[in-house]
Amino acid sequence: MSISESSAYTNIQTFHKTHRADWDALEQTLKAFRGVKSCTAAQLDDLHTLYLKVSQHVSICQTYFPQSQLTAYLNDLAARAHNTLYKGKVSSSSQIRQFFAHTFVELFWERRLFIGLAALLFLFGGLIGFLSVYTQPESLQSILPGTLPSDPEALREGGFVPAASMSSDIMTNNIRVAILAFAGGATLGLYTIYLLIMNGITLGALACYFWQIGASYEFWAYIMPHGVIELTAIFIAGGAGLLMGYKVLVPRTAPRSHQFITQAAQSCLLLLGTIPLFIIAGLIEGFITPAPIPLEAKYLVAILTVVALILYVTLGRKKPINR
């Protein structure tokens, strides 16, 4: 036996010893699902977690031990787990409930550093936009071309309709921004960074403009009720794109192509999870933002959305998925 062959044998033996417990656990879980027509969220959570682990093990084996019996076994094990999850042995309603109740939240916490980085990039752009208009008011026309209202009294008497209109134009565009921010991971995250900063600049410029004309209170009352949720969704999508770019730049032990494909699959789940956030934000924007109610009520809605988001990502967190 050559030195390289001996090293490979040692590596696969170590790999087998390290992860055998996960494979046995998945085998036992699959046996428990045989003939079962329904399952609890906890059972589905365990199956999904083990399936993700074994799927990664399959990718590693295909890369480093492509001809081994272990690779064939793990392929079969992952296929059986996939069939159980996605081909009718578990109800679709359970899958959907499990995904939004726990899986999406777990993915959020795993990628929280990159989601936080996306938020910081947006805030950095917001600071640039604010300072640009503060130091050079005429720069607003280059950032946001068009005629803007300049009479705060007219804004207040008219129910701040111009601001609400601009809010709608800007924020309804955020779904497209979220998708592009996610897809920007294919450019090593560079396009994602550009989108986050540029959208931050736009909001920062508007914030400075309304501050200068003494209408900040009204402006934020029309932005925050739906903006809190929409921006959270954008940061999640942006964080997913940044992580994809990072994994390609810093692949560590796995090939870059493998890292990109793996992270893209997981990031797609994050993007999918933002859909309800945009729907909720759209309902708020359509019925509460333009409603003739006190501005304080709009701020109350914004506060409630913050509390709801915090509770969601806190209560939905059960245990991290080790990948």
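Predicted model, so just to flag it, every value in this text is computed and none were measured.

Once that is clear, we can look at the overall build of the protein chain. For the protein chain, the helix and strand inventory stands at 14 helices and 0 strands. A total of 323 residues make up the protein chain; the buried ones form 46% of that total. When contacts within the protein chain are restricted to residue pairs at least 6 apart in sequence, those whose partners lie at least 24 apart make up 80%. Surface exposure of the protein chain reaches about 16400 Å², of which carbon and sulfur atoms provide 66%.

This brings us to the packing of helix H11 (residues 216–249) against helix H14 (residues 295–315). Viewed as axis vectors pointing N to C, H11 and H14 meet at an angle of 20°, and their least axial separation amounts to 9 Å. Between H11 and H14, the interaxial angle falls into the category roughly parallel. Between H11 and H14 lies a crossing whose hand is left-handed. Contact residues: Ser216, Tyr217, Glu218, Trp220, Ala221, Tyr222, Met224, Pro225, Val228, Ile229 and Thr232 in H11; Leu295, Glu296, Lys298, Tyr299, Val301, Ala302, Thr305, Val306 and Leu309 in H14.

A few words now on unusual backbone geometry. Positive phi values are uncommon outside glycine, yet leucine 188 reaches one of about 65°. With respect to the helices, strands and loops of the structure, leucine 188 is situated in the loop between helix H9 (174–183) and helix H10 (190–212).

Take the confidence of the model for the protein chain next. Taken residue by residue, the protein chain gives an average pLDDT of 78. The fraction at 70 or more is 76%. For the stretch residues 319–323, pLDDT sits under 50, and the model shows 16 contacts to residues farther than four places along the chain or on other chains.

Tracing the chain through its elements places leucine 249 in helix H11. In this structure, the C-alpha to C-alpha distance between leucine 249 and glycine 189, residues 60 residues apart in sequence, is 9.6 Å.

With that settled, consider the nonpolar core. Core analysis: the largest hydrophobic core is formed by 51 residues, its most contacted members being Phe210, Phe219, Ile234, Phe235 and Ile236. For this core, the element with the most residues is H11, which contributes 14 residues. Of all hydrophobic cores here, the second largest spans 21 residues; its members include Tyr51, Leu52, Val54 and Val58.

Owing to its 3.6 residues per turn, the α-helix aligns residues three or four sequence positions apart on the same side. Over its 23 residues, H10 extends 33 Å from the first C-alpha to the last, a length consistent with the 33 Å expected when each residue adds 1.5 Å. After H10 finishes, the residue glycine 214 shows a positive phi value of roughly 75°.

Running from N to C, H11 and helix H13 (residues 275–287) cross one another at 160°; their axes reach a closest spacing of 8 Å. As the angle between them shows, H11 and H13 are arranged roughly antiparallel. In this structure, H11 crosses over H13, and the sense of that crossing is left-handed. Residues Pro225, His226, Ile229, Glu230, Ala233, Ile234 and Ile236 of H11 lie in contact with H13, whose contacting residues are Leu277, Phe278, Ile280, Ala281, Ile284 and Glu285.

Let us look at the packing of aromatic side chains. Throughout the structure, instances matching the rule amount to 12 aromatic pairs. An angle of 25° between the planes, with centres 6.4 Å apart, marks the rings of phenylalanine 104 and tyrosine 312 as stacked. Taken as a pair, phenylalanine 104 in helix H4 (residues 92–110) and tyrosine 312 in helix H14 lie far apart in primary sequence, 208 residues in all. Taking 5.0 Å as the distance between ring centres and 70° as the angle between the ring planes, the aromatic pair formed by phenylalanine 219 and tryptophan 220 counts as edge-to-face. According to the relative accessible area criterion, phenylalanine 219 is buried, its value standing at 3%. Classification of tryptophan 220 by relative accessible area gives partly exposed; the value is 27%.

The subject of this paragraph is the pattern of salt bridges. A complete count under the given rule lists 5 salt bridges for this structure. Between aspartate 76 and arginine 80 there is a salt bridge, with the nearest N and O atoms lying 3.0 Å from each other. Placement of both aspartate 76 and arginine 80 in helix H3 (residues 69–86) is noted, with a separation of 4 residues, approximately one turn of the helix. A relative accessible area of 39% means that aspartate 76 is categorised as partly exposed. Each of Glu27, Asp76 and Arg80 takes part in a single network of salt bridges with overlapping partners.

Reading guide: rules and limits
- Residues numbered from 1 in each chain as written.
- Predicted model: local features only at pLDDT ≥ 70, side-chain atom pairs only at ≥ 80, totals over all residues.
- Heavy atoms only, no water.
- Helix = DSSP H or I, 4+ residues; strand = E, 2+ residues; numbered from the N terminus.
- Buried < 20%, exposed > 50% of the residue type's maximum accessible area, 1.4 Å probe, protein only.
- Contact = heavy atoms within 4.5 Å.
- Areas by Shrake-Rupley, 256 points an atom, 1.4 Å probe, with all protein chains shown as cover.
- Axes fitted to C-alpha atoms, helices over the stretch in contact; angles between N-to-C directions.
- Parallel < 35°, antiparallel > 145°, perpendicular 65-115°, else oblique.
- Left-handed = near helix turned anticlockwise from the far one by under 90°.
- pLDDT = per-residue confidence, 0-100.
- Core = buried A, V, L, I, M, F, W, Y, C linked by side-chain atoms within 4.5 Å.
- Expected span 1.5 Å × (residues − 1).
- Phe/Tyr/Trp six-rings, centres within 6.5 Å; stacked < 30°, edge-to-face > 60°.
- Salt bridge = Lys/Arg side-chain N within 4 Å of Asp/Glu carboxyl O.

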